[in-house]
2 protein chains.
Amino acid sequence: MQRDEDVERCGFLHLHKDTLARVMAQLPADEELYDLAELFKVFGDSTRIKILYALFESELCVCDIAQLLNLTQTAVSHQLRVLKGSKLVKFRREGKTVFYSLDDDHVRSIIGQGMEHLNE
Amino acid sequence: MQRDEDVERCGFLHLHKDTLARVMAQLPADEELYDLAELFKVFGDSTRIKILYALFESELCVCDIAQLLNLTQTAVSHQLRVLKGSKLVKFRREGKTVFYSLDDDHVRSIIGQGMEHLNE
DNA sequence: ATAACATCTGAATAGATGTTCATATATTAT
DNA sequence: ATAATATATGAACATCTATTCAGATGTTAT
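In what follows, the accompanying structure is described. (Residues numbered from 1 in each chain as written. Chains lettered and ligands numbered in written order. Predicted model: local features only at pLDDT ≥ 70, side-chain atom pairs only at ≥ 80, totals over all residues. Heavy atoms only, no water.)

1. So, the packing of helix H3 (residues 46–54) of chain A against helix H2 (residues 30–43) of chain B
Where H3 of chain A contacts H2 of chain B, the two axes come as close as 8 Å, and the packing angle between them is 115°. One way to sum up the angle between H3 of chain A and H2 of chain B is to call them roughly perpendicular. Pair H3 of chain A / H2 of chain B crosses with right-handed handedness. Contact with H3 of chain A, carried on its side by Ser46, Ile49, Lys50 and Tyr53 of chain A, involves Asp30, Leu33, Tyr34, Leu36, Ala37 and Phe40 of chain B of H2 of chain B and no other residues of that element. A class-by-class count of the residues in the contact of H3 of chain A with H2 of chain B yields 7 nonpolar, 1 polar and 2 charged. (Axes fitted to C-alpha atoms, helices over the stretch in contact; angles between N-to-C directions. Helix = DSSP H or I, 4+ residues; strand = E, 2+ residues; numbered from the N terminus. Parallel < 35°, antiparallel > 145°, perpendicular 65-115°, else oblique. Left-handed = near helix turned anticlockwise from the far one by under 90°. Contact = heavy atoms within 4.5 Å. Nonpolar A, V, L, I, M, F, W, Y, C, P; charged D, E, K, R; others polar.)

2. Thoughts on the sheet that holds strand E1 (residues 60–61) of chain B
All names here are of chain B. Judged by pairing direction, the sheet is antiparallel, and its 3 strands sit side by side in the order E1-E3-E2 without closing on themselves. The open sheet is flanked by E1 and strand E2 (89–94), the only strands paired with a single partner. Sheet topology note: the E2/strand E3 (residues 97–102) ladder contains 6 bridges and is antiparallel. The partner of glutamate 94 across the bridge, within E3, is threonine 97. (Pairing = 2+ DSSP bridges.)

3. As for the interface of chain B and chain A
Each partner contributes to the interface: chain B provides 68 residues, whereas chain A provides 68 residues. When chain B packs against chain A, the two sides together hide about 6,200 Å² of surface, and 68% of this comes from carbon and sulfur. The largest contributions to the chain B side of the interface with chain A come from Phe40, Glu57 and His117 of chain B, which together make up 10% of the buried area. Where chain B packs against chain A, one counts 4 salt bridges. Of the charged contacts in the structure, one is a salt bridge between glutamate 57 of chain B and arginine 22 of chain A, with a shortest N-O distance of 3.0 Å. Linking chain B to chain A there are 14 residue pairs in polar contact (both at pLDDT 80 or more). (Buried area = accessible area lost by both parts, 1.4 Å probe. Salt bridge = Lys/Arg side-chain N within 4 Å of Asp/Glu carboxyl O. Polar contact = N/O pair within 3.5 Å; in protein donor to acceptor, adjacent residues only side chain to side chain.)

4. A closer look at the relation of the copies chain B and chain A
Between the two copies, chain B and chain A, the superposition gives an RMSD of 0.1 Å; the rotation angle is 180° and the shift along the axis is 0.0 Å. Taken together, the turn and the small shift mark the pair as related by a two-fold rotation axis. Comparing interface residues between copies, 100% of those in chain B also sit at the interface in chain A, which points to an isologous, same-surface contact. (Least-squares fit on C-alpha atoms with pLDDT ≥ 70 in both.)

5. Describing the sheet that holds strand E1 (residues 60–61) of chain A
All names here are of chain A. Taken in spatial order, the 3 strands make up an open sheet running E1-E3-E2, and their pairing is antiparallel. A strand with exactly one partner marks an edge of an open sheet, and here the two such strands are E1 and strand E2 (89–94). As paired elements, E1 and strand E3 (residues 97–102) share 2 bridges and run antiparallel to each other. Its bridge partner being in E3, cysteine 61 is matched across the sheet by phenylalanine 99.

Structure below.
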């Protein structure tokens with residue numbers, strides 16, 4: 001991934017200096033780009049997408065999610081942990097059961113935009 | 001991932017029938033959800049995110065992208081292939097060089113929404 | 001035709017990821 | 001305290017994925 005000057009490559013032949021400046025100016029810091037990729041990685045699993053979609057309509061407990069989507073309780077629990085870590089879902093406890101719900105409207109808009117892209 | 005009735009679980013204790021109906025009605029087909037996850041998987045890699053971001057300002061050739069982002073030409077080429085496969089970038093050939101550009105405004109909005117979510 | 005250049009492709013490898021199994025924790029009822 | 005229930009967690013395993021290396025393809029100039 002890291003590179004130095006030990007390999008022959010073309011120069012910035014096709015890129016004007018001012019364009020280069022604009023591209024570089026737009027480019028966020030490496031860490032921010034990394035975090036962004038980490039966020040999308042969370043959306044990049046069908047189990048998690050299913051869970052998020054199920055939560056569109058109503059808060060749900062772990063067990064209901066598992067039955068609804070035909071998944072094991074353990075798998076759901078693991079994935080909810082990931083979704084929680086990215087602040088995409090929040091939860092509240094009520095006795096033995098834990099209810100999860102969407103934490104953020106960005107979830108809807110991101111998924112919505114993704115769906116739009118697919119249906120083109 | 002697949003389950004049957006051989007394991008003890010809670011019933012739909014917390015979910016009213018009409019809510020269940022709404023949740024199920026909202027839920028897209030499995031294949032669609034799978035495709036959506038595949039799409040986000042593409043966004044879920046920092047190299048690809050960098051490439052997409054670089055293309056926000058201007059079309060770029062493979063070699064310029066590689067130098068700009070300090071990546072090998074091969075790695076960039078492989079990732080452009082993936083981006084092309086998801087219709088996120090398009091390209092045009094000009095002599096020896098190939099210029100890539102964003103294929104879709106959804107790229108901007110999806111990345112934008114992701115960034116917004118991070119900065120909360 | 002040959003050389004030089006830009007890009008692409010396939011195989012191999014190392015690292016990341018999701019599920020399962022077994023078990024632990026937490027809450028409620030008896 | 002004990003049992004029952006809902007959820008969470010850790011380790012192990014199999015699968016997927018991104019990069020690198022070596023070589024192929026396509027284009028232009030000589």
